[in-house]
Amino acid sequence: MTIQANQEKVTVEAFINGQHIKSLSQLAKENPANPSEIVGYFPVTTKEQAATAIEAAAGAFKTWKQSSVEERIIRMRKAIEKIRAAENDIVHLLSREHGKPLYDAHGEIFVSLMWMEFACNEATSVLAEEIHEHDHGKTIVSYDPIGVVAAISPWNYPIALSTIKIAPALLAGNTIVLKPSPYAPLAAAKVAEIIASEFPAGVINVVYGDADVGVELTSHPLVTKIAFTGGTATAKHIIKAASETIKDMTLELGGNDAAIFLESFDVHDERAMRRIVISNFLTTGQICMIAKRVYVHRSIYDAFVEKYIEAANRWIRIGDPFDSNTTIGPVNNLKQRDYVQGLVEDAQKRGAKVIPLGQILDQKLFEQGYYLQPTLVLDCDVHDPIVVEEQFGPTVPILPFDDEDQVVRLHNESIYGLTSSVWGKEEDAISLARQLEAGTTMINTAAVQGLDVRFPFGGFKQSGIGREYGAEGIRTYTEKHVINVPNMLDLPYIPE
Ligand code: NAD
């Protein structure tokens, strides 16, 4: 069944100090499933406007930091209710501008709200001042807000990866300037404005643009914390831009997450086969934590590939994001589609076998949108670009391995270390998992299916710095302030 999409065009404007700012020029956001359809318009924010937003956030911080955690929680809970009430409209907008199917867009709101609620439930205890009475006197440890947070989010989960920053930053008493990605700015902006409607002017500001505005946000002296999710290459620019003023930062970056299937994995387990296919292709493979390379023990390799293709052909239905039969929509943008296609063609030239997966529900739509046929890549070398690069799209290589030392080495030699998964008998899988360099390792599931917002999420090595989610995802927006009251005021070894 295809739901009728609301064709209304949505225009968003920069939101600074509680006011919409009329822009001189705007950009159009097209629908990736039907690029001739304009979903809405977003402004070209100037560097000067971005600076004004930062100054507004710095001004608001002076009073906002004195608000009680209770007040912040009450405001955030009201915002959550408003988002819930507007969920259908937000989901439709997100699906039209991003290309993800409706169920997947609902999933994004589900995860966003789950995290926001968790953050509200935990904020009081996580941010509570600690008073330690001890032999040496008394020590008070408080969790103070850092100041103005520049929050920069990517296009793949624009709402979840904006709210993952907004909620804890505000609950901890900071103010924020959000910059969503130009590839999916509209729904994130709507959600940010809903939240802003419950907070004093200047506490949340929203600006638009790409690297130019990004540089302003990450180098401005009044910004004291950067919360960035995006590519590793971009993060390198951000680190340089921030170095002049030494900013606190949380960086959630790229991944090349491996799924490892042990000899004890049952290839006849159809539910598990469905789970790995979803772990490779949900959101058209455009998730940081999607399983992007699959290693299978040689003893089960042939049977695995056969069962994988059956499961993939059952689950993957490429079509209109508004059709309830669709499991996979288009790639979000042409640049990304060409990049993924290039990786697959390169693998083919190197001798790999490329197997198309799934059924195309609507050939005409497929040809008009930024669609790409999902593929399985076999017979490639462990060092081919399709294996070692982050593809971030609907293709996955499956490779055999002979022993655990080899697969651990292949896993760990990556520059990335975001998530991974191990599939097979639980104790064998946990034992292998302990040897992997990754922020999260999931057992017998992968990607968002194994995500738990109550625990910290982030990457080893070039997959990032710091953690989001869990108590740490709230504390990361604070500075520890220690007030020491020693009972021995004069040290005995310092001469009179
Ligand atoms: P990107 O790095 O191209 O862009 C991310 C954001 O940074 C955008 O808002 C962009 O406008 C902005 N930006 C670009 N240049 C900038 C600069 N010089 N200074 C400041 N900001 C700048 O990433 P993308 O293509 O939007 O997203 C895909 C990448 O994000 C993938 O690598 C993916 O793995 C990663 N990602 C990571 C996580 C995670 O939690 N680790 C989650 C989602 C996506």
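Look up a bit, the structure's there.
Residues numbered from 1 in each chain as written. Predicted model: local features only at pLDDT ≥ 70, side-chain atom pairs only at ≥ 80, totals over all residues. Heavy atoms only, no water.

**Q** How should the nonpolar core be read in this particular structure?
**A** Across soluble globular proteins, you tend to see nonpolar side chains buried next to one another. If you look at the biggest cluster of nonpolar residues, it comprises 112 residues, and the most contacted ones within it are Leu 170, Ile 195, Phe 304, Tyr 308 and Ile 398. Broken down by element, this core gets its largest block of residues, twelve residues, from helix α4 (residues 102–126). Look past the residues within four positions of Tyr 308 in its chain and what remains in contact with it is Met 273, Ile 276, Val 277, Asn 280, Phe 281, Leu 357, Leu 376, Val 396 and Ile 398. Residues Ala 53, Val 177, Val 207 and Phe 228 belong to the second largest nonpolar core, which totals 24 residues. (Core = buried A, V, L, I, M, F, W, Y, C linked by side-chain atoms within 4.5 Å. Buried < 20%, exposed > 50% of the residue type's maximum accessible area, 1.4 Å probe, protein only. Helix = DSSP H or I, 4+ residues; strand = E, 2+ residues; numbered from the N terminus. Contact = heavy atoms within 4.5 Å.)

**Q** Where do I start with a negative patch on the surface in this structure?
**A** Together, Glu 263, Asp 403, Glu 404 and Asp 405 line one region of the surface with negative charge. Positionally, Asp 403 belongs in the loop between β19 (395–401) and α14 (404–412). According to the relative accessible area criterion, Asp 403 is partly exposed, its value standing at 39%. (Patch = residues over 30% accessible without salt bridge, like charges linked within 9 Å, V, L, I, M, F, W, Y side chains within 5 Å. Areas by Shrake-Rupley, 256 points an atom, 1.4 Å probe, with all protein chains shown as cover. Salt bridge = Lys/Arg side-chain N within 4 Å of Asp/Glu carboxyl O. Lys, Arg positive; Asp, Glu negative; His and termini not counted. Charge placed at Lys NZ, Arg CZ, Asp CG, Glu CD.)

**Q** I'm lost on the site of the ligand in this one. Help?
**A** Around the ligand there are 31 residues in total, and Lys 179, Asp 210, Thr 234, Leu 253 and Glu 390 lie nearest to it. At 3.0 Å from an oxygen atom of the ligand is found a side-chain nitrogen or oxygen belonging to Trp 155. Here Thr 234 contributes a side-chain N or O atom positioned 2.6 Å from an oxygen atom of the ligand. The protein chains hide 89% of the 850 Å² of surface that the ligand would expose on its own. Counting atoms within 2 Å of the grid points, the majority share of the ligand lands in the largest pocket. Of all the secondary structure elements, the ones that give two or more residues to the shell around the ligand are α7 (211–219), β11 (223–229) and α8 (232–243). (Near = heavy atom within 4 Å. Polar contact = N/O pair within 3.5 Å; in protein donor to acceptor, adjacent residues only side chain to side chain. 1 Å grid on protein atoms, 1.4 Å probe; cavity = no way out; pocket = protein on both sides within 12 Å on 5 of 7 lines; lining within 4 Å. Sits in = over half its atoms within 2 Å of the grid points.)

**Q** Where do I start with the packing of helix α3 (residues 87–98) against α4 in this structure?
**A** One way to put it is that α3 packs onto α4 with a least axis distance of 9 Å and a crossing angle of 120°. When the axes of α3 and α4 are compared, the pair comes out oblique. Where α3 crosses over α4, the handedness of that crossing is right-handed. In this structure, α3 contributes Glu 87, Asn 88, Ile 90, Val 91, His 92, Leu 94 and Ser 95 to the contact, and α4 contributes Leu 102, Ala 105, His 106, Glu 108 and Ile 109. For the contact of α3 with α4, a count of residues per class yields six nonpolar, four polar and two charged. (Axes fitted to C-alpha atoms, helices over the stretch in contact; angles between N-to-C directions. Parallel < 35°, antiparallel > 145°, perpendicular 65-115°, else oblique. Left-handed = near helix turned anticlockwise from the far one by under 90°. Nonpolar A, V, L, I, M, F, W, Y, C, P; charged D, E, K, R; others polar.)

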